[in-house]
Protein chains: 4
Amino acid sequence: MSKRLKICINTGGGDAPGLNAVIEAVTMAAHNRQWDVYGIKAGYNGLFNTDEIVHLTPKVVDGIAIQGGTILGSTNKGNPFQMPVCNVAGECEERDMSERVMENFRRLRFDALVSVGGDGSMDIAQKFFELGMPVVGVPKTIDNDLGGTESTFGFDTAVGIATEAIDRLHSTAKSHDRVMVVEVMGRDAGFIALNSGISGNADVILLPEIPFDIEKVCAKIMANELSGRKYSIVVVAEGAMPQGGEVVAKGEGEMGRQHVLLGGVAEYVAKKIAERTGKDTRSLVLGHLQRGGSPTTFDRLLALRFGAAAVRAIENGKFGHMVSLQSADIVTVPIAEALSVEKRVDIKGDIVMTARDMDICFGD
Amino acid sequence: MSKRLKICINTGGGDAPGLNAVIEAVTMAAHNRQWDVYGIKAGYNGLFNTDEIVHLTPKVVDGIAIQGGTILGSTNKGNPFQMPVCNVAGECEERDMSERVMENFRRLRFDALVSVGGDGSMDIAQKFFELGMPVVGVPKTIDNDLGGTESTFGFDTAVGIATEAIDRLHSTAKSHDRVMVVEVMGRDAGFIALNSGISGNADVILLPEIPFDIEKVCAKIMANELSGRKYSIVVVAEGAMPQGGEVVAKGEGEMGRQHVLLGGVAEYVAKKIAERTGKDTRSLVLGHLQRGGSPTTFDRLLALRFGAAAVRAIENGKFGHMVSLQSADIVTVPIAEALSVEKRVDIKGDIVMTARDMDICFGD
Amino acid sequence: MSKRLKICINTGGGDAPGLNAVIEAVTMAAHNRQWDVYGIKAGYNGLFNTDEIVHLTPKVVDGIAIQGGTILGSTNKGNPFQMPVCNVAGECEERDMSERVMENFRRLRFDALVSVGGDGSMDIAQKFFELGMPVVGVPKTIDNDLGGTESTFGFDTAVGIATEAIDRLHSTAKSHDRVMVVEVMGRDAGFIALNSGISGNADVILLPEIPFDIEKVCAKIMANELSGRKYSIVVVAEGAMPQGGEVVAKGEGEMGRQHVLLGGVAEYVAKKIAERTGKDTRSLVLGHLQRGGSPTTFDRLLALRFGAAAVRAIENGKFGHMVSLQSADIVTVPIAEALSVEKRVDIKGDIVMTARDMDICFGD
Amino acid sequence: MSKRLKICINTGGGDAPGLNAVIEAVTMAAHNRQWDVYGIKAGYNGLFNTDEIVHLTPKVVDGIAIQGGTILGSTNKGNPFQMPVCNVAGECEERDMSERVMENFRRLRFDALVSVGGDGSMDIAQKFFELGMPVVGVPKTIDNDLGGTESTFGFDTAVGIATEAIDRLHSTAKSHDRVMVVEVMGRDAGFIALNSGISGNADVILLPEIPFDIEKVCAKIMANELSGRKYSIVVVAEGAMPQGGEVVAKGEGEMGRQHVLLGGVAEYVAKKIAERTGKDTRSLVLGHLQRGGSPTTFDRLLALRFGAAAVRAIENGKFGHMVSLQSADIVTVPIAEALSVEKRVDIKGDIVMTARDMDICFGD
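Every chain's residues receive numbers from 1 upward, in the order its sequence appears when written. In the order they appear in the text, chains get letters beginning with A and ligands get numbers beginning with 1. In view of the model being predicted, local features appear only for residues whose pLDDT reaches at least 70, and side-chain atom pairs are presented and counted only at 80 or more, with totals across whole chains, interfaces and linings using the full set of residues. The side-chain values count all of the structure's non-hydrogen atoms but skip hydrogen atoms and water molecules.

Student: Even after reading the chapter, I still don't get the interface of chain B and chain C, so can you show me in this structure?
Tutor: The parts lose accessible area when they come together, and the size of an interface is often stated as this lost area. Only heavy atoms enter the contact rule, under which two residues are in contact if any of them lie within 4.5 Å. If you look at the interface, chain B gives 41 residues, while chain C gives 41 residues. Should a side-chain nitrogen of Lys or Arg be within 4 Å of a carboxyl oxygen of Asp or Glu, the pair is scored as a salt bridge. The partner of R300 of chain B in a salt bridge is D167 of chain C, and the shortest N-O contact between them spans 2.9 Å. We define a polar contact as two N or O atoms separated by no more than 3.5 Å, with the added condition that, inside protein, one atom must be a possible hydrogen donor and the other a possible acceptor, whereas residues neighbouring each other in sequence contribute only through side-chain atom pairs. Remark: the boundary between chain B and chain C carries 17 residue pairs in polar contact (both at pLDDT 80 or more). The helix count covers DSSP runs of H or I at least four residues long, the strand count covers runs of E at least two residues long, and both are numbered beginning at the N terminus. At the level of elements, helix 1 (19–32), helix 5 (155–175), helix 6 (191–199), helix 9 (297–315), strand 13 (329–334) and helix 11 (350–357) of chain B are the ones that each hand at least two residues to the side of chain B that touches chain C. Looking at which element gives the most residues to the side of chain B that touches chain C, the answer is helix 9 of chain B, with eight residues. Classes in brief: Ala, Val, Leu, Ile, Met, Phe, Trp, Tyr, Cys and Pro nonpolar; Asp, Glu, Lys and Arg charged; the others, Gly included, polar. Residue composition of the side of chain B that touches chain C, by class: 15 nonpolar, 11 polar and 15 charged.

Written as C-alpha cells, this is what we have:
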C-alpha cells in the first residue's frame, strides 16, 4: 500500500501566466492520490516563516488555472543561499540561510517540494536537492530561454500579446506614414521578438542573438518607402544590441533601484531612424503587459500537464529532475543537465529562415 | 425626380477606429441613392493634387468597417488655410491655400463634402462652409472631448484597450507587490482615464480636470498597504498635472520634431511614488495601442450610423451641420455650435461620484 | 447626522454580464456611507430562508466587476407572489407568499432593497413597493427591451459576442461558398440581431419586429450570387417570424421542461433557403454564449454607475424608482412608468435606415 | 546558377485558420528566389479551367496571414480522380479526370505544386505524385488527426475558440445551477474536446476514442451536486459514442445533403442527463465558429514556417514529401508514410492522465 505523502509547492522569479494552472494541477493530482499539499508563499519565505504556508485543497484551487499571477503571492523574494541580513545599524550582508529552510522542511515532515521557476529558481532547487531535499522542478520562463524543454508556459501568452499589439500598430502607422518601433521582452534570447515579429508582419526584427547595423535597418525602411509602403514596423527585443558594442544606456538615474526607466533600446532605435531617414518615428515599450492576464489555452494546458507530471515524478522518485516538453510529450530531465544549456534563437534555424524569406530585415 | 449627386469624403487628424466604417456607410448610402462618391486622400491634399482622388464603390468598401485606420491614407496633412509653402532656399511660410481647394471642388462639380475629423477638422470644415462649400461634418475624437455630441466612434475602442491593459497589469502587480502606473490618452480631457480606470478597478485615477497632490496619491497607496493590499494600479491621463502648476517636462530634446519622447507624466508620477513610498514602482505608456486595430461593435455601429446620417443630411441640405449622437438618436447640430463647447469630464458628475464611491483616489 | 442604514440586494431573472459590477458598486457605495449591506441569495429565496443571506464587504466584492454571472447565485427562482407549493402527495399550486418576504424584511430591519432584474423582477419589485417595502430597481436585460432606460448592462456584451461570431463566420462561409444562418437572442425585440448584424456586415437580418417573407430573403441571396459574392450571412433573432404567421415549432417534445430544444427559427430559415436556392446552407445557434463571460468595458461601467446610483437613490428616498440611463446621465424613473413601455426596434429609426442603406435585407 | 522555377499552390478540404499564411509564405519565399508563383483556385478546379489561376505577388499576399479562410476560394471541390460528370439528361457518374489535370500542369510548364490539405488532399497529392507530378504537401487539419506531424495549423485556433466558449458558459451555468453540454469538432479524433475541456475546466469530456457510459456521466454530475457544485460543464466531441454502439442519429432527413441537422450527440447527451438527473440541462453546438476567423499567433507562425519549408523542399527536390513539425523543428516526411498513420488521442498518454488527475470524467 502506497504511503500518503505530504508535499509542498513554491513559485519563484517573475510571474508568468500559467503559474496558477501548475498549482491547480499539482493540488488536484496530489488530492487524487490522497496526499496533502501545502503552498509555500513568497518563494522560499514560507520555509523561513512557517506562518506563510497554506493548505491547498480542490476548493482553494478550483478554476484558478484561468487566472494570471500566482495565488502564492509575491515571487521575487531572493535566494536562501544568499539572503540579505541587516543589523540594527542598517548594515547588510548576504548570508547562507539554506540550513534553516532544510530544517523547517524536515520539521514539517514534507516528503517533497515542487519548485516552479526559471533558471535562478532551478539553480536553487538543484542546490537544495544536493543538500538532500527531494525536489522536482517545473520550468517557467516567459522568454523561452530555459534549456532542457522545448517550451514553457507563459511564452505563448507573451507572444500572443505582443502580436496583438503589433497587429494594432499597423493601422495607425499606415494612416500616418509612420515608423513604429515596439520593444518586447527578451534580455538574452529573442524568441518573443522573433515569433511575434513574424506573426505580426513586421518589417524589421532586432534580436540579442544578431547584433544590428542601424544603417541596414534604415535601408530597409527606405526600400519600403520606394516601393510605396510608407510605413514600417520595427520589433526589437529589450536585449538587442547594435554592432560594435555601442552601449545602449538603460540607466536608472536618480530614482535608484526602485524604478527602472522605460525606454531603452526602442527609444534608441527610434531616435536613430528618425535622424537618418527623416521619417516620423514613434516608440512603444510593451513591458509588463506581456506577463499579465489570463494564459492562452496552450499555456494553460502545458502548465496543467507540467503540474500533473510533477506529481507523477514525485511518485516515481524522480528527484533532482524537472518536467519537460519533448516532441509533444512530457518527460523528466535532470535539473543539472537543463541548467547546462542556454537556449537561444538558432540564427540558422527554420524560423529565422522563414523570416528572411518573408523579406524581414534583422539588421545584419 | 431627385438629382444624382456627386459627393466626396475626407478624413483628417489622428486616426480613430471607425473611420473606415464611416467611409463604408457614406459610400453605400450614396450608392443606394445612385449618387457618385469620391474619396479625397490625405486630408485635403486630394483637393490640391487631384490625382489623389479615388472612386468609392460598394466593392471598394466591402467589409472595411472592421478594419482600423483609414483607406483614405495619411490623415494629418495640415490646414489648407495655413499651408507651409517653401521656396528653393528652403525658407517656408504659412499661406492660405483655401481658394485652390474651393476651385478644385467646383471644377470637379462636387455637390457636397463629408468631412470626418476632430475639432481641428471641424474648424476647417466650418471655414469652407462659410466660403460657400456645402459641407457636412462627422465628429471623430478618441478622447471624447468634442462638443455637440454625446459620444464619438473610437472612444469605446480606446477605453476597451486601456481597460484590457489595466486588467492584465493586476496579476503581475499583485504577484510582485508593485505599484504600476499606466498612462493613457487624454491631453485635455480625462474620459479615457476615468472610464478605463473605473472599469479596470484602479486605485488612483489622475485627470487633466483634477490637478493632483502627489502626497494624496501616496497616502492612498500606503493605505492599501496597511489594509493588506500590497499593490496598486494608478491610471494617469497624459494631460494630468500636479497641483500648483509644476511643469512635467515632455520635451523633445535633441531628436527634434520627428520623435516625441515617451515617458512624460507616468514616469514622473512613478518616480515620485517610488521616492516617497519606497515601493517598487513601474510605469507604462499605452500610446498608439489605443488608436489601432479593429473598432469595437459599439464604435462600428456608431460610425456606420454617422456615415449614413451624413448622406441623409446632404439630402436634406443640412450644410454647415455635423451629425451627432443624442439620447440614442442621430441628429444634426450646427458645426459652429459644437465648436463653441469644450467637452470635459464633469467633476461633479455621476461617473466621478461612482469612482469616489468605489474608493478611487483622484489625488485631490 | 445621517442614519447608518442596513440595506440588501438581490438579482433576478436570467444572468447578464454586469450583475457582479452592480453588486460591487452597491457594496462599495454603501460602505462609503458606513451602511451595512447584505446579499439575498437566489432571487427572493434569501428572504424565505434567511440562512441564504450573506454579508457583503469591500473584501468580498473586490474585483468581481470583471466576472460574469452573479455571486448571489442562481437567479431564476420564481415569483414570491406565485410560489409553487406542493403537498406530500406531490400536488402543487401557486400561492402568494409575499407576506412572509415582507415579514422577514421587517424582522431583519432592512431599510431598503436594491432589486436588480428584468421586467419580471421589476414587476415584483413594484408590487413589494406597493406593499410598503422601500425598493430601488436596477434594470437588467440583455435584449435591451426594457422601457424607461436608453440601455442596460449586458446588451453591449451580448452584441459584441454575436458580432465576433458573425465576423468569424465570414471567412468560413466565403471559403465554401456557403450560406450561414446564425441565431441570436431576442424573443420579443431584435436589438441584438440588428446591431450585431450591421456591425458584422450581414446580408440579411430577421427581426421579431419585421415579419419576413422567405422569398425576399432568397432573392437577396441569389442577387449576391449574381454579383459574384457567392456566400451570404443571415442573422436571425430567436423571435423572428415569417409573414402570415406560419408557426415555427420550438416544442420541447418528449424531454419535458428540463431541456429546451435548440434549432428553432435558424434551422427553419436554413432549410427553406437550402430548398429554394440549392445553396449549401448551415445554421448555428449562439445561445448561452451571449450571456456568459466577462462584461465589456461599457457594460462594466454602466453597471457600476447603476449600482452607485441605486445607493444615492436610497439616500434620496427615491423608492419605487429604478435607475436609468438617459442622454449619457443616470437618472431615476418610477418603476411603474418604465413597466408601461415595451421597448422594440424602431423600424423607422436611423439604425434600420442605416441597415437599409448598407443594402441589408430584412425580408420585407 | 539555379533555375527560375514556376510553381503553383492549391488549398483543399475544409478551411482552416492559417491557409492564407501558407499562401503568403510560399509566395514570399518563391519571390525571394525570383521564382514565379500561381494560385490554383477552388482546389484542383484551376487545373481544369485554366482561367481560375491567379498570379501571386508580394503585393497580393501582403498581410493576408492574419485573415481566416483562403484567398484561393472555395476549397471543397472534389477529387479529380472521381469527378462527378453529368450529361444533358442530368445523369451523373464519377470519372477519373486526373489526366486533364496532368496535361494542364505540363502545358503551363509548372515545375512544382504545393498542395495544402488534409488526409483527403494528401491522398490525391500522393496519386498525382505517382503519376509524375512534382508535389510537396502541407498538412492541414483542424482536428489534429493527421499522421506524420506533431501538429498542424488551425488546431490551436480551434482549441482556443472552444476554450473561450467553455469559459463563458461557466458563469451562466453557475448562475442557473445548470448542466451545459457543448459539442466541439472532432469526428474521429477527440483532440479539440480533450484540450479545450481540460483548459476550460470541464467536469466531463466525451471523446470518440473512449466510448462513454451515460450512467457514469450522470454519476459525476450528481457527485458535483453533493459536493455543493450545483452546475456542470460537459464537453463532447461530435464523434463521441455511447458504449455498446447505440447509434446517435445525425440524419439529414428531408433537407437532403444541403443541410446537416444540428444537434447530434450534444443534444442526445443533454436529453439523457436531463432525464436521469432531473437537472436543467442545455446543449450548444459550436460548429463553424471553430474554423473561422483570424488564426492564433501559434497557427500563423506554424503556417508561415510550413509555407517557407515547402519552398525549400521544392528547392531540395523533396517531391512526394510533406512538411511536418517534429520536436519544434520543421522536417519533411514521405506523404505515403504520413497517410499510413491515423492519429488519435492516446488514452494512456499524459494529457488524459492529467485530465483524470483533475477529476475529469470520461464516462468510462
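Moving on, there is more to tell.
Student: Quick question: what am I supposed to make of unusual backbone geometry here?
Tutor: Glycine aside, a negative phi is what most residues show, and trans is what most peptide bonds show. Residue and element names in this part refer to chain B. Phi at N201 takes a positive value of approximately 60°, unusual for a residue other than glycine. The phi torsion at D359 lies on the positive side, around 70°, for a residue other than glycine. As for its position among the elements, D359 is in the segment after helix 11. Partly exposed describes any residue whose relative accessible area lies between the buried limit of under 20% and the exposed limit of over 50%, with all areas from a 1.4 Å probe on protein chains only and scaled to the type maximum. Residue D359 is classed as partly exposed on the basis of its relative accessible area, which comes to 38%.

Student: I tried to follow the domain arrangement of chain A on my own but got confused; where do I start?
Tutor: Residue and element names in this part refer to chain A. In this document the domain limits rely on a domain assignment from an automatic tool or a database. Each assigned domain of chain A is listed here: domain 1 (6–153 + 295–326) and domain 2 (155–292 + 347–357). For domain 1 and domain 2, the distance between their C-alpha centres works out to 34 Å. Every contact between the two is made by 15 residues of domain 1 and, on the other side, 13 residues of domain 2. Buried area: the accessible area, evaluated with a 1.4 Å probe, that two parts lose upon being put together, summed over both parts. Contact with domain 2 buries area across many residues of domain 1, yet I142, D143 and N144 alone supply 46% of it, more than any other trio.

Student: Sorry if this is basic, but what is going on with the relation of the copies chain B and chain C here?
Tutor: The relation between the two copies of this chain is a rotation about an axis and a shift parallel to it. Overlaying chain B on chain C yields an RMSD of 0.0 Å, the required transformation being a rotation through 180° with an accompanying axial translation of 0.0 Å. With respect to symmetry, the two chain copies, as superposed, fit the operation of a two-fold axis. Of the C-alpha atoms belonging to chain B, the one lying closest to the rotation axis is found on S327 of chain B, 2.2 Å away. The atoms used to superpose the copies are C-alpha atoms, taken from residues with pLDDT of at least 70 in both, and the fit is least squares.

Student: What is the right way to look at the pattern of salt bridges in this model?
Tutor: Charged atoms that come close allow side chains of opposite charge to pair. Scanning all chains against the criterion turns up 72 salt bridges over all chains. Here R187 of chain B and E238 of chain B are joined by a salt bridge, their closest N and O atoms 3.7 Å apart. Of this pair, R187 of chain B sits in the loop between strand 8 (179–184) and helix 6 while E238 of chain B is found in the loop between strand 10 (232–237) and helix 8 (264–277), placing the two residues 51 residues apart along the sequence. For R187 of chain B, a relative accessible area of 59% puts it in the exposed group. When salt bridges that share partners are traced, they join R33 and E315 of chain A together with D357 of chain D into one network.

Student: I tried to follow the sheet that holds strand 11 (residues 281–285) of chain C on my own but got confused; where do I start?
Tutor: What holds strands together in a sheet is hydrogen bonding between their backbones, with the strands either parallel or antiparallel. Residue and element names in this part refer to chain C. When DSSP finds two or more bridges between two strands, those strands count as paired. Read across the open sheet, the four strands follow the order 9-10-8-11; overall the sheet is parallel. With one partner strand each, in any of the chains shown, strand 9 (204–206) and strand 11 form the two edges of the open sheet. Neighbour-to-neighbour, the strand axes of the sheet open up by a mean angle of 15°, direction not taken into account. Note that strand 8 (residues 179–184) and strand 10 (residues 232–237) share six bridges and pair parallel. Its bridge partner lying in strand 10, V182 is registered against V235. In this analysis an axis means a line fitted to C-alpha atoms, helices contributing only their contacting stretch, and an angle means the value between N-to-C directions, from 0 to 180 degrees.

Student: How should the pairing of strand 8 of chain C be read in this particular structure?
Tutor: A regular strand places its side chains so that they alternate between the two faces of the sheet. Residues and elements named next belong to chain C. The buried count for strand 8 comes to six of six residues, which makes it a mostly enclosed element. Burial of strand 8 is two-sided: the residues V179, V181 and E183 facing one way and the residues M180, V182 and V184 facing the other way are all buried. Sheet topology note: the strand 8/strand 11 ladder contains five bridges and is parallel. From the neighbouring strand, V182 faces strand 11, where its bridge partner is L284.

Student: Please explain the arrangement of the chains as it appears in this structure.
Tutor: The closest approach of any C-alpha atom in chain A to one in chain C is 12 Å; the two make no contact. A gap remains between chain B and chain D, which never touch, and the nearest two C-alpha atoms on either side lie 12 Å apart.

Student: It is not clear to me how the packing of helix 1 (residues 19–32) of chain C against helix 9 (residues 297–315) of chain C should be interpreted in this structure. Could you clarify?
Tutor: Angle between the axes and distance between the axes: these two values describe a pair of packed helices. Residues and elements named next belong to chain C. Two numbers describe how helix 1 lies on helix 9: the axes approach to 7 Å, and their chain directions differ by 40°. In terms of their interaxial angle, helix 1 and helix 9 are classed as oblique. In this structure, the crossing between helix 1 and helix 9 has a hand that is right-handed. Listed contacts from helix 9 to A21, V22, A25, V26, A29 and A30 of helix 1 are R300, A303, L304, G307, A308 and V311. Taken together, the residues of the contact of helix 1 with helix 9 sort by class into 10 nonpolar, one polar and one charged. Should an angle fall under 35 degrees it is taken as roughly parallel, and over 145 as roughly antiparallel, whereas 65 to 115 is taken as roughly perpendicular and any remaining angle as oblique. Note: crossing handedness is left-handed where the near helix turns anticlockwise from the far helix by less than a right angle, and right-handed where it turns clockwise.

Student: Would you mind going over the packing of helix 5 (residues 155–175) of chain A against helix 6 (residues 191–199) of chain A with me for this structure?
Tutor: All names here are of chain A. For the pair helix 5 and helix 6, interaxial distance at closest approach is 8 Å and the crossing angle is 45°. One finds that helix 5 runs oblique with respect to helix 6. You can see that helix 5 and helix 6 cross each other, and the crossing is right-handed. Along the contact surface, helix 5 presents F155, A158, V159, A162, T163 and I166, while helix 6 presents F191, I192, N195, S196, G197 and S199.

Student: I keep staring at the packing of aromatic side chains and nothing clicks. Help me out?
Tutor: One pair of aromatic rings is described through two measures. These are the centre distance and the angle between the planes. Residue and element names in this part refer to chain A. Note on aromatic contacts: the rings of Phe and Tyr and the six-membered ring of Trp form a pair at centre separations within 6.5 Å, being stacked when their planes are under 30 degrees apart, edge-to-face when over 60 apart, and tilted otherwise. Taken as a whole and judged by the stated rule, the model has 22 aromatic pairs over all chains. Aromatic pair F155 and F191: ring centres 6.4 Å apart, planes at 85°, arrangement edge-to-face. Of this pair, F155 sits in helix 5 while F191 sits in helix 6, placing them 36 residues apart in sequence. Of the residues examined, F155 reaches a relative accessible area of 8% and is grouped as buried. Classification of F191 as buried rests on a relative accessible area of 13%.

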